[in-house]
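Observations on the model geometry
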4 protein chains.
Amino acid sequence: MPSNPAPRPLADHACLIVHGKDRPGIVAAVSALITRHQGNIVAFDQYSDDPTGGAYFQRVVFHRPELAAALPEIEADLAETLGKGFDLEWSLTDQSTPKRMAILASKQDHCLLDLLWRHRRGDLPVSIPMVISNHTTSAEDVRSFGVPFFHVPSVAGPDKSASEAKIVELLRGNVDVVVLARYMQILSSDFLEQVGVPVINIHHSFLPAFIGADPYKKAKERGVKLIGATSHYVTADLDEGPIIEQDTVRVNHADSYEELVRRGADVERQVLSRAVLWHAQDRVLRHGNHTIVF
Amino acid sequence: MPSNPAPRPLADHACLIVHGKDRPGIVAAVSALITRHQGNIVAFDQYSDDPTGGAYFQRVVFHRPELAAALPEIEADLAETLGKGFDLEWSLTDQSTPKRMAILASKQDHCLLDLLWRHRRGDLPVSIPMVISNHTTSAEDVRSFGVPFFHVPSVAGPDKSASEAKIVELLRGNVDVVVLARYMQILSSDFLEQVGVPVINIHHSFLPAFIGADPYKKAKERGVKLIGATSHYVTADLDEGPIIEQDTVRVNHADSYEELVRRGADVERQVLSRAVLWHAQDRVLRHGNHTIVF
Amino acid sequence: MPSNPAPRPLADHACLIVHGKDRPGIVAAVSALITRHQGNIVAFDQYSDDPTGGAYFQRVVFHRPELAAALPEIEADLAETLGKGFDLEWSLTDQSTPKRMAILASKQDHCLLDLLWRHRRGDLPVSIPMVISNHTTSAEDVRSFGVPFFHVPSVAGPDKSASEAKIVELLRGNVDVVVLARYMQILSSDFLEQVGVPVINIHHSFLPAFIGADPYKKAKERGVKLIGATSHYVTADLDEGPIIEQDTVRVNHADSYEELVRRGADVERQVLSRAVLWHAQDRVLRHGNHTIVF
Amino acid sequence: MPSNPAPRPLADHACLIVHGKDRPGIVAAVSALITRHQGNIVAFDQYSDDPTGGAYFQRVVFHRPELAAALPEIEADLAETLGKGFDLEWSLTDQSTPKRMAILASKQDHCLLDLLWRHRRGDLPVSIPMVISNHTTSAEDVRSFGVPFFHVPSVAGPDKSASEAKIVELLRGNVDVVVLARYMQILSSDFLEQVGVPVINIHHSFLPAFIGADPYKKAKERGVKLIGATSHYVTADLDEGPIIEQDTVRVNHADSYEELVRRGADVERQVLSRAVLWHAQDRVLRHGNHTIVF
């Protein structure tokens, strides 16, 4: 099996993420540990921003027959070997368990439908327990995919706490990741804290160009020759979170604002779907305001 | 209005296509004609493969208030001025009338659904009177877009004339263009003749590389570093028709065959949707086995 | 001859640029004029941002045997027909006369050498009367191409008028366009005014992202997944002039700052060479802070 | 130091390549070995086409102070541990020793000069002991880079053994890799055998499209919308060797054959320079007719 198989949940495969301060011997220790638990490494990536004591990141996928039964023992060994021995942080996820992903959307449905369709095709190894929107326009479409739809209207005025509280109530404990598929509301830092899982956004520009509202309008005004899209983790600072993926597409002077919006929609769904897939596969590690994408 | 507005049907706009042997004065004659019929040129493209007597192609979009009423007079003038005066062929289409586009599909639904979505979004200025498939898998999806679905099963064995005849019966007189959205049956030259309208195909490789069946398998075997897709007009020679649009995407050694199929699906739908849009806007002119795309 | 022939000076070809307020009949008037002077149109592009009175732009290349002799008469007709009749501005250039292009550079030589190579290969239809640098490092290389090299050291401190005055002295009257090929000095608006010809710059980022100094450092800090380059006309506002061309290239977390610089160098020379070629072919029209690239 | 530092020779760094039949424990054995020789892993990549007994490939770069002194001991351990213990093939190269690269060229000099310039800039970690050409046109340019130039004229007629023999005489023992930078002679399999080092070619098409002579002419005839370039290892079968890198660039109907040649030249030099860099960094592993590029 090549390292990039079809993106489906993988029975008896575990993904181990390791990060901490780099020092000699980590690869040897991790691989010896996997070997002594009868694991066979099928993908291995590592990155260090400075081998002499910098930040170290590693992702290993290994196959181990009857993984579920062996997990407690492997985790105990990891805690001992990596946690105590090397002072590293680690997490181990069973690749047969898809992450639970909620999607938040507004009126624009191209990113939302693209994710639902990829999921139905089997190209996104997640489950989708719910879609939440501040509009009802997509309700029927979403439900036709067999996915529950919840309408949480936006509250007019600056105080969004009521609608945010309602969304938190729906999400909390039920999801492992939240995707903003052109959700046109700015989320408060309180919300992010209470949700407690990673939130992935798609911004319709090549960040850091055209931060904020209506980037295609700004792009038209500036006369750029390419437009782009950026998927990033959401932080309290608008459009400033760690970038997961970006791409651009060529435009020219004759393309109207509406044409930029139309072409941009294609880039947005491509970029968002790649970011979501990589997150679902535990390929994206955060490092301050950066990401390492293995 | 920029030359590339939103791709919607345009009221009181006409598209004039001219082709024939190049000679001095064609632009002057055409533009004078449009001016004397109170038309205002909003887009103008021309191409000649040799200004000293080569093949000449021109596309002009002009706005003319109350176009419908004026069309007969304009057409008479065109016949006189261009047909007789310059020995050129021409066609004039009212841009407010969308082309009627049938889609033929099989089990793979990514290109089919992509076209239906784009149409619903208002991004394809066509009408879709029917989808025909040799499988029933997409029936429900297609009808949820309000589009009629017809199932014409493929006939086993070499004689496909029965099923082709049934398809011709559905199409003839009802459509202006047929799109093969990963339709996995090879059409006979009899069929093409009887249908009598352009047929656009998407081939899942960068033609002329990997002609024929299962190009992703061939791509994996050859070890290419990019895969691609090609949209072309269908002719009697398999995968040899005039190319409308192509694109490629990067792959690597670790990508499995299934991963090539998955990534390729994205390129296919992008390439096909661009080709279909350009055809719908009368931007694609055929010249032997080539296309001029304005 | 196709519209995009090899980019060499073209004997007996003229390029007519027209711009002004759009109104019906411009195309007819221009093409009739060319026809009555025995010109044969080989390339024709037009753009209007609003056909009902917006800004209109047109570029026509036509072939006319013994062009030089006919130019005065054609120009008189243009002044009468377009200038008086339509209140349009126009310019007519003989395509057999290459533009005179000066290059300003500093220590980094990749853009400089790339332009010199392309010119020697016959891929840039310009003459290069001089290269000016504030360093002497490239002197020998430049002269090996048969191009004069002048060293004008930068003056320390804020007052650059002395070195700018020396550069103006070299340029004035001798060049039709100035290219800043990674010239690391900011030019004053006085300088731009005195030089009196278009100045083209290459900025090593995807503008408007990372304006100002050391954009690759900023790109590394922000953690972008693509880096880019932008070629634009220089105005008094740093990095704010009309964009001619842009492009991007993929990078990842593991790429060091030095690697970004190395990859960026390839994009810079591609983007700059395209912008310079298009300018040399009179394909780039300025419209406020935008460009129309035909 | 990130995994992709500037591509310069690296003091006290070794690159270990391992390949053979996959089995559990390889990563653990290799990393334990490096650790016990005081090596610190700075880059680690592995690939297996089937973890249950398929082909396994690994590339590890590690830092080890005073590497030269330690190499014999490390190699003895590798022979014992990997060779005998796991039945794997391996090779260890000192990254401070650049590979010796010869370039063969003909009249077209864009790929040749691009490699020489990148080398001078410090962007290719190789030495260039010689350039061989069947024409003398580039002699002066090559020598201006301080690189010896040898002229070996092509012999007319089918028997090329005389000129090939002369080239072999120049190369044998003096180089680690040969690059064909648009060298327009077909090399015999005898030649390849006698040279005994990898030979890298640039083919001016997107292989497997347009194999053989004058691919741009074939591309123009077929009416493709993208042209490309492919760098591959040379084998006895023309244009059939393992592909290292490919890329494409957009063209359209108006682009003349000469314009395809001009645009293609840019893709060729980009693609070839990437392939050569990766080979120089021991990133390219051959697997039958495929490459693994780490």
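Residues numbered from 1 in each chain as written. Chains lettered and ligands numbered in written order. Predicted model: local features only at pLDDT ≥ 70, side-chain atom pairs only at ≥ 80, totals over all residues. Heavy atoms only, no water.

Our focus in this paragraph is empty space enclosed by the protein. Regions of empty space are outlined by a rolling probe, equal in size to a water molecule, passed over the atoms. In total, this model carries 13 cavities of 30 Å³ or more according to the counting rule given. For the second largest cavity, the lining is made up of 13 residues, of which W117(C), R118(C), R121(C), H110(D) and R269(D) are closest to its centre. At the level of elements, α3 (110-120) of chain C together with α3 (110-121) and α8 (257-280) of chain D are the ones that each hand at least two residues to the lining of the second largest cavity. Of the residues contributing to the lining of the second largest cavity, the split by class is three nonpolar, one polar and nine charged. (1 Å grid on protein atoms, 1.4 Å probe; cavity = no way out; pocket = protein on both sides within 12 Å on 5 of 7 lines; lining within 4 Å. Points joined across faces, edges and corners; volume = space filled by probe spheres on them. Helix = DSSP H or I, 4+ residues; strand = E, 2+ residues; numbered from the N terminus. Nonpolar A, V, L, I, M, F, W, Y, C, P; charged D, E, K, R; others polar.)

Before going further, it helps to spend a moment on the state of the cysteines. The full count for this structure, using the stated rule, is zero disulfides over all chains. Between C111(A), a cysteine without a disulfide, and C111(B), which holds the nearest cysteine sulfur, the sulfur-to-sulfur distance is 19 Å. A relative accessible area of 1% means that C111(A) is categorised as buried. (Disulfide = S-S within 2.5 Å. Buried < 20%, exposed > 50% of the residue type's maximum accessible area, 1.4 Å probe, protein only.)

Time to look at the UniProt feature "active site" (unreviewed entry) in chain A. In the numbering used here, UniProt assigns the feature "active site" (unreviewed entry) to D239(A). One can find D239(A) in the loop between β10 (226-233) and β11 (243-250). The contacts of D239(A), once residues within four sequence positions are left out, are N201(A), H203(A), L207(A), I211(A), G212(A), H232(A) and R222(C). Polar side-chain contacts of D239(A) include one of 3.4 Å to the side chain of H203(A). (UniProt positions renumbered as here; feature names shortened; annotations may be inferred. Contact = heavy atoms within 4.5 Å. Polar contact = N/O pair within 3.5 Å; in protein donor to acceptor, adjacent residues only side chain to side chain.)

Turning our attention to α8(D). Residues and elements named next belong to chain D. The end-to-end C-alpha distance of α8 is 34 Å, a good match for the 34 Å that 24 residues give at a rise of 1.5 Å each. Most of α8 is tucked away: 18 of the 24 residues are buried. A positive backbone phi angle near 55° is found at D282, which sits one or two residues after α8. (Expected span 1.5 Å × (residues − 1).)

It is worth spelling out the domain arrangement of chain A at this point. Residue and element names in this part refer to chain A. By domain assignment, chain A separates into domain 1 (13-94) and domain 2 (99-293). On a C-alpha basis, the centres of domain 1 and domain 2 stand 31 Å from each other. Regarding the contact of domain 1 and domain 2, the summed buried area is about 660 Å², with carbon and sulfur atoms giving 67% of it. Looking only at domain 1, the three residues that lose the most surface to domain 2 are I17, F57 and R59, adding up to 64% of its buried area. Our count for the domain 1 to domain 2 interface comes out at zero salt bridges. At the boundary of domain 1 and domain 2, one finds three residue pairs in polar contact (both at pLDDT 80 or more). Looking at the side of domain 1 that touches domain 2, the elements that each hand over two or more residues are β1 (13-21) and β3 (55-63). Looking at the side of domain 1 that touches domain 2 element by element, the count peaks at four residues for β3. Residues that form the side of domain 1 that touches domain 2 fall into these classes: five nonpolar, two polar and two charged. (Domains from an automatic or database assignment. Buried area = accessible area lost by both parts, 1.4 Å probe. Salt bridge = Lys/Arg side-chain N within 4 Å of Asp/Glu carboxyl O.)

Next up on the list: helix α3 (residues 110-121) of chain A. Residues and elements named next belong to chain A. Taking 1.5 Å of rise per residue, 12 residues should cover 16 Å, and α3 covers 16 Å from first to last C-alpha, within 8% of that figure. Burial analysis of α3 places nine of its 12 residues in the buried class, the great majority of the element. Residues H110, C111, L112, L113, D114, L115, L116, W117 and R118 constitute the buried set of α3.

Here we take up the relation of the copies chain A and chain C. Expressed as a screw transformation, the operator carrying chain A onto chain C has a rotation angle of 180° and an axial translation of 0.0 Å, and the superposed copies differ by an RMSD of 0.0 Å. Read as a symmetry element, the transformation amounts to a two-fold axis. Taking C-alpha positions as reference, the residue of chain A nearest the rotation axis is A209(A), located at 2.3 Å. When the interface residues of chain A are mapped onto chain C, 100% of them are again interface residues, pointing to one common binding face. (Least-squares fit on C-alpha atoms with pLDDT ≥ 70 in both.)

Paired through their backbone hydrogen bonds, the strands of a sheet run either parallel or antiparallel. Residue and element names in this part refer to chain B. Here seven strands make up an open sheet; going across it, the order is β7-β6-β5-β8-β9-β10-β11 and the pairing mixed. The open sheet is flanked by β7 (149-151) and β11 (243-250), the only strands paired with a single partner. Neighbour-to-neighbour, the strand axes of this sheet turn through a mean angle of 20°, independent of strand direction. Here strand β9 (residues 199-203) runs beside strand β10 (residues 226-233); their pairing, made up of four bridges, is antiparallel. Residue pairing for β10: N201 is matched across the bridge by H232. Contacts from helix α8 (residues 257-280) reach β5 (99-105), β6 (126-133), β8 (177-181), β9, β10 and β11 within the one sheet, and its direction differs from that of β11 by about 155°. (Pairing = 2+ DSSP bridges. Axes fitted to C-alpha atoms, helices over the stretch in contact; angles between N-to-C directions.)

Residues and elements named next belong to chain C. With mixed pairing, the seven strands of this open sheet are ordered in space as β7-β6-β5-β8-β9-β10-β11. This sheet does not close on itself; its edge strands, each paired only once, are β7 (149-151) and β11 (243-250). Taken pair by pair, the neighbouring strands of this sheet meet at an average axis angle of 20°, ignoring direction. Packed onto the sheet, helix α5 (residues 161-171) meets β5 (99-105), β6 (126-133), β7 and β8 (177-181) and runs at close to 160° relative to β6.

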